[in-house]
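Breakdown of the fold
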Amino acid sequence: MLIEGLKQIYADFMDLLLPAACALCHTPVLNNEPICDTCLSELPKMEGSLCARCGIPFTKLCITTQLCATCSLNPPAYDKARFAGPYESGLRTAIRKLKYSGELRMARVLSMILLNTYRCYYADTELSLIIPVPAHPKKMRRRGFNQVILIADGLAHYTNTELDRFSLAKRLDTRAQVGLSAGERL
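Notes on the structure follow.

Cut-offs and rules
Residues numbered from 1 in each chain as written. Predicted model: local features only at pLDDT ≥ 70, side-chain atom pairs only at ≥ 80, totals over all residues. Heavy atoms only, no water. Salt bridge = Lys/Arg side-chain N within 4 Å of Asp/Glu carboxyl O. Buried < 20%, exposed > 50% of the residue type's maximum accessible area, 1.4 Å probe, protein only. Core = buried A, V, L, I, M, F, W, Y, C linked by side-chain atoms within 4.5 Å. Helix = DSSP H or I, 4+ residues; strand = E, 2+ residues; numbered from the N terminus. Expected span 1.5 Å × (residues − 1). Contact = heavy atoms within 4.5 Å. Polar contact = N/O pair within 3.5 Å; in protein donor to acceptor, adjacent residues only side chain to side chain.

**Re the pattern of salt bridges**
This structure, assessed with the given rule, holds 4 salt bridges. Salt-bridge contacts for Glu 103 lead to Arg 105; the nearest nitrogen and oxygen are separated by 3.8 Å. We classify Glu 103 as partly exposed; its relative accessible area is 23%. Between Lys 138 and Asp 173 there is a salt bridge; the shortest N-O distance is 3.9 Å.

What follows is the structure, given as structure tokens:
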């Protein structure tokens, strides 16, 4: 938490010295937001027909269940999942800038994107608790923050929902998922 606080103080100080620029296209931004309105509007979104269960776009739909082939054959343990957008272009860059470059200002915009996704797909569902996925303590020490907690904290703030950081703990220090196939991630 100390490192997180120091990074934020440094970022705030640099914002005073240098004009803010969009983290994606580097054009100046007047409102000190991390991403300009143009880049924000161009972020990829999930479009087309989505599986009713996993939320992944698909080309072949099971007419009777509205499920993709994977969910029809091997249903996941959850009822419904949705994504803010495909992990590509500007959205991928924003996530990587937060996670790997420590650009903490990206957490706020990613929280807003997640909030919009929540409002789009879960508007009729009231949140009672948000539990972010924990990082292993080694990764927390190395990175200095858990990007998931930062994003979840923003979502909790915007939805006026309690954030529970302590009910889950990551005990195994698993290898990074970057570069793994879908099967290897499971």
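Moving on, there is more to tell.
**Notes on the nonpolar core**
With 20 residues, the main nonpolar core has Cys 22, Ile 35, Leu 98, Met 106, Leu 110 and Leu 150 as its most contacted residues. Counting residues in each nonpolar core, the second largest holds 7 residues, with Ile 130, Ala 152, Leu 155 and Leu 163 among its members.

**Details of helix H7 (residues 147-159)**
One turn of the α-helix equals 3.6 residues, which is why residues spaced by three or four share an orientation. For H7, which comprises 13 residues, the first-to-last C-alpha distance of 18 Å matches the rise-based estimate of 18 Å (1.5 Å per residue) to within 8%. Gln 147, Ile 149, Leu 150, Ile 151, Ala 152, Gly 154, Leu 155 and Ala 156 are the residues of H7 that are buried. Asn 160 lies just past H7 and shows a positive phi near 55 degrees.

**With respect to the environment of Leu 155**
Within the secondary structure, Leu 155 is located in helix H7. Given the relative accessible area of 9%, Leu 155 is considered buried. Measuring from C-alpha to C-alpha, the distance between Leu 155 and Ile 130 comes to 8.4 Å, with 25 residues separating the pair along the chain. Beyond its immediate stretch of four places on either side in the chain, Leu 155 contacts Ser 111, Leu 114, Leu 115 and Ile 130.

**Some remarks on the side chain of Asn 146**
Looking at the secondary structure, you find Asn 146 in the loop between helix H6 (137-143) and H7. Of the polar contacts made by the side chain of Asn 146, one reaches the backbone oxygen of Val 133; its length is 3.3 Å. In contact with Asn 146, other than residues within four places in its own chain, are Val 133, Pro 134, Ala 135 and Met 140.

**Here we look at helix H5 (residues 105-121)**
Helix length check: H5, at 17 residues, gives a terminal C-alpha distance of 25 Å against a target of 24 Å (1.5 Å per residue), a fit within 8%. Those residues of H5 lying buried are Met 106, Ala 107, Val 109, Leu 110, Ser 111, Ile 113, Leu 115, Thr 117 and Tyr 118. Among the structural elements, helix H2 (37-41), helix H4 (89-101) and H7 are those in contact with the buried residues of H5.

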